[in-house]
Amino acid sequence: MAEPGKTLSPSRALWTQVWQENPIFRQVLGICSALAVTNLVFNTALMCAGLIWATTLSSFTVSLIRNYIPTRIRVMVQVLIISAYVIVVDIVFRAFFFETHKDIAAYVGLIITNCIVLGRLEGFAMKNRPIAAAADGLGAGLGYSLILMSIAFIRELLGFGTLLKNTAWEVRLLTAWEPGVTESWWRNWTIMVVPPGAFFVLAIAVWIARSWSIKQEARAEAETQSAAPDKPEEASA
Amino acid sequence: MKLNVNSPRYVLVFAALVSTVFTAGIMTLHAVSESTATASAQLYEQKSLVEVFKLGAGEQLSDRKIGDLYERSIRQLDMALVDSQTGKVFNNPGPSAGPLAPRAFVATNPGGTIIGYAVPVSGIGFWSRIDGYLAVTPDFSKVIGIVFTRHQETPGLGGRITEPKWRKQFAGLDITPPGAGRPSVYIGGDKPASDNSPAHGRYVDAITGATGTSSAVNRFLNRDIDAVRRAAEEAGLIGKKKQKQQDLLQSSQRTRRGERDIANRGLPANRRQALNLGH
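Computed from a predicted structure; not experimentally measured.

Moving on, we get to the pattern of salt bridges. Scanning the model with the defined rule gives 17 salt bridges over all chains in all. Of the charged contacts, one joins R74 of chain A and E122 of chain A as a salt bridge, the two residues approaching to 3.0 Å between their closest N and O atoms. Taken as a pair, R74 of chain A in helix α4 (residues 74–96) and E122 of chain A in helix α6 (residues 115–123) lie far apart in primary sequence, 48 residues in all. Residue R94 of chain A is joined to E34 of chain B by a salt bridge in which the shortest nitrogen-to-oxygen separation is 3.9 Å. Linking R94 of chain A in helix α4 with E34 of chain B in helix α1 (residues 8–52), this pair reaches from one chain into another. The class of R94 of chain A is partly exposed, set by a relative accessible area of 26%. On the accessibility criterion, E34 of chain B (33% relative accessible area) is partly exposed. Among the charged side chains, a network of salt bridges with common partners joins K165 of chain A together with R160 and E163 of chain B.

Shown next as structure tokens:
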């Protein structure tokens, strides 16, 4: 988490959110939608686009008026701003992606209560300049999308044998065996289609990403220590 | 001047201002996008109906082609279709009927002969409500096709009710009155062993791993088939009153071309009365 009062440059804020403080595998926020919408790549992509939009613009807006927001009603104002942007997403999806909208409408609405968005507003946008806040929101959205898209890729491939199912770009990579219809060595994994499948994939994704970033941090720490051996040891995030 | 952002008056004014600004923004966007959203919803319904009647089958249909096929061949049925036994309404052509009123459709080929009717079917699935259309031949004896327009079944399991591979089993299914106490169609269970079996010509394979959804569809489809058969008899589409209605329907079709927009919402009041006289 960015400490209060500490200012970050926009690009620094963005990358911190994408990787070091990734909302899914470091902060473990926004898990509910990660479980629910990730069985099809296209639905996930729309959901991610919606979240990136909502978190970037609400961070920017909140930061813009942060000095005018009364402390006592700040969370209400934040939620109002988030809902406004999320309703925009909902309206646009309904107009242009009607069939996908039917599947993900419930989760799009839930972006309003997605902890990532409110978390970034409270944790960063209320204390930083608009551009840095927008970058921070964008980073959080991209960090979320990075993990969700990987999960969706695995779940759709194993669950349906396809990628981008129900769209014009559908690719069938694995044709499943069906009694009396198709002969194949492949069987679709039903568990990947239903939400519990996401638990397994999410857990494995978090495991891989964490062990990788822990190694990276250990290496970075070793370098700083060898460069400045007299400095007292810093606690890692 | 330094603002006291925590004074009650400021808090009230600020809250009102922020609410007004954002609400106005959303209302504007909503108003601007309303027509596109309605068009998308309409196209989706037209696509489902074109599909259920098997129009343009085998072709890759563009949005425009779907609109054309729909305009040319499909329109809402212009008589009420109600089963008085259960009270289920299949078609409400009245001018006061809202956008959510149940609607049944009739498809005709260019010569004007009726290809079939599509009636709304719905019921509780494994998780939530399922809506769809069942298209039947003009004599209500065989299924042309079925389509599900809304459901919340598990994707990949119960959700497979939307897949053409499963739905194509319904084409040609026998739905003539099955005899007392028997269902019209059999979804799942044992395959009919012989031609004499009551399930012969009425059997559809259930979806593996989705017994709940399959039997739910079986339940509401049988209920709706029985109800729509009674409703069609009452409306005179089949059975004793058929001939009289058929004549009226044909004459209303001849005058239809000039009043397409009216026909889409049902017939004008005077003609509807004329149809009601046949009851």
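Moving on from the coordinates now.
Once that is clear, we can look at the confidence of the model for chain B. As a general rule, the predicted coordinates of low-pLDDT regions are not to be interpreted in detail. All names here are of chain B. On average, chain B scores 83 in pLDDT, and the residues at 70 or more come to 84%. Per-residue pLDDT, averaged within each element of chain B, yields its smallest value for helix α7 (residues 269–276) (43) and its largest for strand β6 (residues 129–136) (95). Here residues 256–279 scores under 50 on pLDDT; set against residues more than four positions off or in separate chains, the count is 34 contacts. Confidence metrics for the complex model read pTM 0.74 and ipTM 0.75.

Attention now goes to the side chain of E153 of chain B. All names here are of chain B. Locating E153 in the fold gives a position in the loop between β7 (143–150) and α3 (164–167). The buried charged residue E153 lacks any salt bridge partner; its closest oppositely charged side chain belongs to R219, at an N-O distance of 9.1 Å. From its side chain, E153 meets the backbone nitrogen of F126 in a polar contact 2.9 Å long.

This part covers the sheet that holds strand β4 (residues 105–108) of chain B. All names here are of chain B. Taken in spatial order, the five strands of this open sheet run β1-β4-β5-β6-β7, and their pairing is antiparallel. The sheet is open, and its two borders are formed by β1 (74–76) and β7, each paired with just one other strand. Averaged over all neighbouring strand pairs, the angle between strand axes comes to 25°, with direction disregarded. Where β4 lies against strand β5 (residues 114–124), four bridges are found, and the strand directions are antiparallel. Of the residues in β5, the one forming a bridge with V106 is Y117. Sheet strands touched by α1: β1, β4, β5, β6 and β7. Its angle to β7, the strand with the most contacts, is close to 155°.

The next thing to look at is the packing of aromatic side chains. Geometrically, a pair of aromatic rings is defined through the distance of the ring centres and the angle of the planes. Tallied over the full model, the rule gives 14 aromatic pairs over all chains. Ring geometry for W186 of chain A versus W189 of chain A: centroids 6.4 Å apart, planes at 20°, classification stacked. Under the relative-accessibility criterion, W186 of chain A is labelled buried at 9%. Seen from their ring centres, F105 of chain B and Y133 of chain B are 5.8 Å apart, and the 80° between their planes marks the pair as edge-to-face. Placement of F105 of chain B in strand β4 and of Y133 of chain B in strand β6 is noted, with a sequence separation of 28 residues between them. Across the pair, exposure class does not vary: F105 of chain B and Y133 of chain B are buried alike.

The next thing to look at is the interface of chain B and chain A. Listed by partner, the interface residues are 31 residues for chain B and 30 residues for chain A. For chain B, the biggest contributors to the area lost against chain A are F14, F22 and I26 of chain B; these three give 22% of the whole. At the junction of chain B and chain A, the tally comes to three salt bridges. Our count for the chain B to chain A interface comes out at seven residue pairs in polar contact (both at pLDDT 80 or more). Secondary structure elements with two or more residues in the side of chain B that touches chain A: α1 and β7 of chain B. Its residues assigned to classes, the side of chain B that touches chain A shows 15 nonpolar, 10 polar and six charged.

Definitions and limits used
Here the residue index of a chain counts from 1 through its sequence in written order. Chain labels run from A onward and ligand labels from 1 onward, assigned in the order the entries are written. pLDDT decides what is reported in this predicted model: residues at 70 or higher carry local features, side-chain atom pairs at 80 or more are listed and counted, and totals for whole chains, interfaces and linings draw on all residues regardless. Side-chain measures here rest on the full set of heavy atoms in the structure, leaving out hydrogens and waters. The salt bridge definition used is simple: a Lys or Arg side-chain nitrogen within 4 Å of an Asp or Glu carboxyl oxygen. For the purposes of this entry, the term helix denotes a DSSP run of H or I that reaches at least four residues, the term strand denotes a run of E that reaches at least two, and both are numbered from the N terminus. Think of it in three bands: with a 1.4 Å probe and only protein chains considered, a residue is buried below 20% of the maximum accessible area for its type, exposed above 50%, and partly exposed in between. In predicted models, pLDDT denotes the confidence assigned by the predictor to each residue on a 0 to 100 scale. Contacts are assigned to residue pairs with any non-hydrogen atoms lying within 4.5 Å of each other. For the charge count, each Lys or Arg is scored as positive and each Asp or Glu as negative, with His and the chain ends excluded. We define a polar contact as two N or O atoms separated by no more than 3.5 Å, with the added condition that, inside protein, one atom must be a possible hydrogen donor and the other a possible acceptor, whereas residues neighbouring each other in sequence contribute only through side-chain atom pairs. For two strands to be treated as a pair, DSSP must find at least two bridges joining them. To obtain each axis, a line is fitted to C-alpha atoms, and for helices this fit is confined to the stretch in contact; angles are then taken between N-to-C directions over 0 to 180 degrees. Two rings belonging to Phe, Tyr or Trp (six-membered ring only in the last case) form a pair when the distance between their centres is within 6.5 Å. Interplanar angles under 30 degrees mark stacking, angles over 60 mark edge-to-face geometry, and anything in between is tilted. Defined here as a combined quantity, buried area equals the accessible surface (1.4 Å probe) lost by two parts on assembly, summed across both. Polar here means any residue other than Ala, Val, Leu, Ile, Met, Phe, Trp, Tyr, Cys and Pro, which are nonpolar, and Asp, Glu, Lys and Arg, which are charged; Gly is therefore polar.

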